[in-house]
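Structure assessment
So you can see what is in the structure, the chains are spelled out below.
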Amino acid sequence: MPEQWIYWFSELGTEHNDIVGKKCANLGELTKAGFHVPPGYALGVAAYERFMKETGASERVLKYLEGFHADPENVEDTPKYETASKEIRAIVESIDMPPDMEETVKKYYSQLCEETGIENQFVATRSAGPASHPGQYETYLNVSGPDDVVQHIKRVWSSTFNTRSIIARARLGLPLHHDPIGVAVLTMVDAKAAGVILTVNPVNGDESKVAIEAAFGFGEAVVSGNVTPDRYLVDKVTLEIEEKVISDKGAEFVYNPETREMEYKELPADKRKLPCLEDIEILELTKIAKKIEAHFGCLQDIEFSVSMSLPFPENIFFVQARPESVWGKKKKESVLGKKSGFELLFEKATTPIKLKTD
């Protein structure tokens, strides 16, 4: 029997991390646990390996690398890596998938469209490595149509040959022609707002707080740091919103249907300093973030989107969850361990909510 290389999220859990990559495995775990995740499917690392081997892509990349010589520790050699990256990526993206593989990818996409009831459903194609490569590989948003889905899966695979990645592999003495990853094909949320949740206060490591950063439009604006997000701090016990920092967000990251590209669009003056989330949404995000933290058993770094077309609370989706990487590694005593519930409630009752704008 050939090795399985494609899965619905509902078939996956954290035990499949090495098969489909952490992001896909965690999306599957969230889906199976009943959290609100956009429907989608995953191509495992076996799909990458099969594509590279059966199509001859690996052989062509190795042939190219035979004539490539550069020192990864020498900054002056960076242009050589940039040229190699561009040419290797062109090789990978120009090669067709094996016919049965392409047919299967399109069949899954067709079933996804049937499930959502939307012809040519917009999806995101996201990289998912078995090991963490945060921000290293590429994501494509608002991909639509079976042919574009196939092409953007190949673009995610080819992003393992971006300049930064091949320099990193060269420095570590790893093979330059091989870095298998999974790919998540995830239904897009028509986001009115999106952002990131940490189930800990990132400033001081207080595990009794949930910190939320959000902005209008798609969440990449927050993740990339290209806009100044609104910030909210919520107490896990009392569910009080202790702090709101409403920023001048300047722009939102949106899809331009004319160019079919994602772009930053300047916000009108009367919207720039408006809160991007309602209080009821902030509290719902906090409640669910606590449940996700409890499910995984550790502090979480969560990405979410809020749909503009669905009613509350069906409008809230979770598109990523992973262990929080800073305070989760430290032994930090929680405030909960120092104060009684009554003391916490009394403290909250006598502390005014901070509302700031900048």
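Figured I'd write up the structure that's included with this text. (Residues numbered from 1 in each chain as written. Predicted model: local features only at pLDDT ≥ 70, side-chain atom pairs only at ≥ 80, totals over all residues. Heavy atoms only, no water.)

Attention now moves to the packing of aromatic side chains. What the rule picks out here adds up to eight aromatic pairs. Centre to centre, the rings of Trp8 and Tyr41 are 5.6 Å apart; their planes meet at 75°, and the pair counts as edge-to-face. With a gap of 33 residues between them, Trp8 in strand β1 (residues 6-8) and Tyr41 in strand β2 (residues 40-43) connect regions that are remote in the sequence. For the pair shown, Trp8 and Tyr41 are each scored as buried. A connected cluster of aromatic rings, assembled from ring pairs, spans Trp8, Tyr41 and Tyr108. (Phe/Tyr/Trp six-rings, centres within 6.5 Å; stacked < 30°, edge-to-face > 60°. Helix = DSSP H or I, 4+ residues; strand = E, 2+ residues; numbered from the N terminus. Buried < 20%, exposed > 50% of the residue type's maximum accessible area, 1.4 Å probe, protein only.)

The next subject is the sheet that holds β1. A sheet is described by the order of its strands in space; here five strands give the open sequence β1-β2-β5-β3-β4, paired in antiparallel fashion. The open sheet has two edge strands, β1 and β4 (140-143), and neither has a second partner. Taken pair by pair, the neighbouring strands of this sheet meet at an average axis angle of 20°, ignoring direction. Bridge count for β2 against strand β5 (residues 182-187) is four bridges, and the pairing is antiparallel. (Pairing = 2+ DSSP bridges. Axes fitted to C-alpha atoms, helices over the stretch in contact; angles between N-to-C directions.)

Interaxial distance between helix α5 (residues 78-94) and helix α8 (residues 163-172) falls to 9 Å at its minimum, and their mutual angle equals 115°. Crossing of α5 over α8 shows right-handed handedness. Listed contacts from α8 to Thr78, Tyr81, Glu82, Ala84 and Ser85 of α5 are Thr163, Ile166, Ile167 and Ala170. Of the residues in the contact of α5 with α8, the class split is five nonpolar, three polar and one charged. (Left-handed = near helix turned anticlockwise from the far one by under 90°. Contact = heavy atoms within 4.5 Å. Nonpolar A, V, L, I, M, F, W, Y, C, P; charged D, E, K, R; others polar.)

This part takes up the pattern of salt bridges. Counted under the stated rule, the structure contains 24 salt bridges. Two residues, Arg126 and Glu220, come together in a salt bridge whose shortest N-O distance is 3.1 Å. Linking Arg126 in strand β3 (residues 123-128) with Glu220 in helix α9 (residues 220-223), this pair joins segments that are 94 residues apart in sequence. Of the residues examined, Arg126 reaches a relative accessible area of 10% and is grouped as buried. Across the pair Lys244 and Asp279 runs a salt bridge, and its minimum N-O distance is 2.6 Å. (Salt bridge = Lys/Arg side-chain N within 4 Å of Asp/Glu carboxyl O.)

A separate point is the packing of helix α2 (residues 22-32) against helix α10 (residues 279-296). Contact pair α2 / α10: the axes reach a minimum separation of 12 Å and the direction vectors enclose 110°. One finds that α2 runs roughly perpendicular with respect to α10. The crossing of α2 and α10 is right-handed. On α10, the residues that touch Asn26, Glu29 and Leu30 of α2 are Ile292, His295 and Phe296. (Parallel < 35°, antiparallel > 145°, perpendicular 65-115°, else oblique.)

Before going further, it helps to examine α5. With 17 residues, α5 ought to run about 24 Å at 1.5 Å a step, and its terminal C-alpha atoms sit 24 Å apart, in line with that. Among all positions in α5, only Tyr81, Ala84, Ser85, Ile88, Arg89, Ile91 and Val92 are buried. The buried residues of α5 occupy one face: seen down the axis, they fall within an arc of 155°. The elements touched by buried residues of α5 are α3 (45-54), α4 (57-66), β4, α7 (146-158) and α8. (Expected span 1.5 Å × (residues − 1). Arc of directions from axis to C-beta.)

Our focus in this paragraph is the pairing of strand β10 (residues 251-256). Summarising burial for β10: six of the six residues are buried, a large majority. As paired elements, β10 and strand β11 (residues 261-266) share six bridges and run antiparallel to each other. Each bridged residue has a counterpart across the sheet, and for Ala251 the counterpart in β11 is Glu266. Linkage of β10 to β11, two consecutive antiparallel strands, is achieved through a turn of four residues, within which Arg260 is found at a positive phi near 60°.

So, about the nonpolar core. Tyr41, Leu43, Phe51, Val105, Val149, Ile153 and Trp157 are the most contacted members of the largest nonpolar core, which totals 42 residues. It is helix α6 (residues 99-116) that provides the largest number of residues to this core, a total of six residues. One finds Tyr7, Cys24, Leu30 and Ala42 within the second-largest nonpolar core, a separate group that totals 39 residues. (Core = buried A, V, L, I, M, F, W, Y, C linked by side-chain atoms within 4.5 Å.)

The subject of this paragraph is the side chain of Glu252. Mapped onto the fold, Glu252 is located in strand β10. No salt bridge is formed by the buried Glu252, whose closest oppositely charged neighbour, Lys271, lies at an N-O distance of 4.3 Å. Among all residues touching Glu252, those that are not within four sequence positions of it are Phe216, Gly217, Glu263, Tyr264, Lys265, Leu267 and Lys271. (Lys, Arg positive; Asp, Glu negative; His and termini not counted.)

Moving on, we come to unusual backbone geometry. Each neighbour pair has its own omega, and for Phe312 with Pro313 the value is 0°, a cis peptide bond. Positionally, Pro313 belongs in the loop between β12 (300-307) and β13 (316-323). The phi angle at Asn120 is positive, at roughly 50°, despite the residue not being glycine. Tracing the backbone shows Asn120 in the loop between α6 and β3. For Asn120, a relative accessible area of 34% corresponds to the partly exposed category.

Turning our attention to the environment of Val254. With respect to the helices and strands, the residue Val254 is situated in strand β10. What makes Val254 buried here is its relative accessible area of 15%. Each C-alpha atom, one on Val254 and one on Asp190, is 9.4 Å from the other, the two residues being 64 residues apart in sequence. When neighbours within four sequence positions are excluded, Val254 is seen to be in contact with Phe218, Glu261, Met262, Glu263 and Lys265.

Function-wise, these values are silent; they only describe arrangement.
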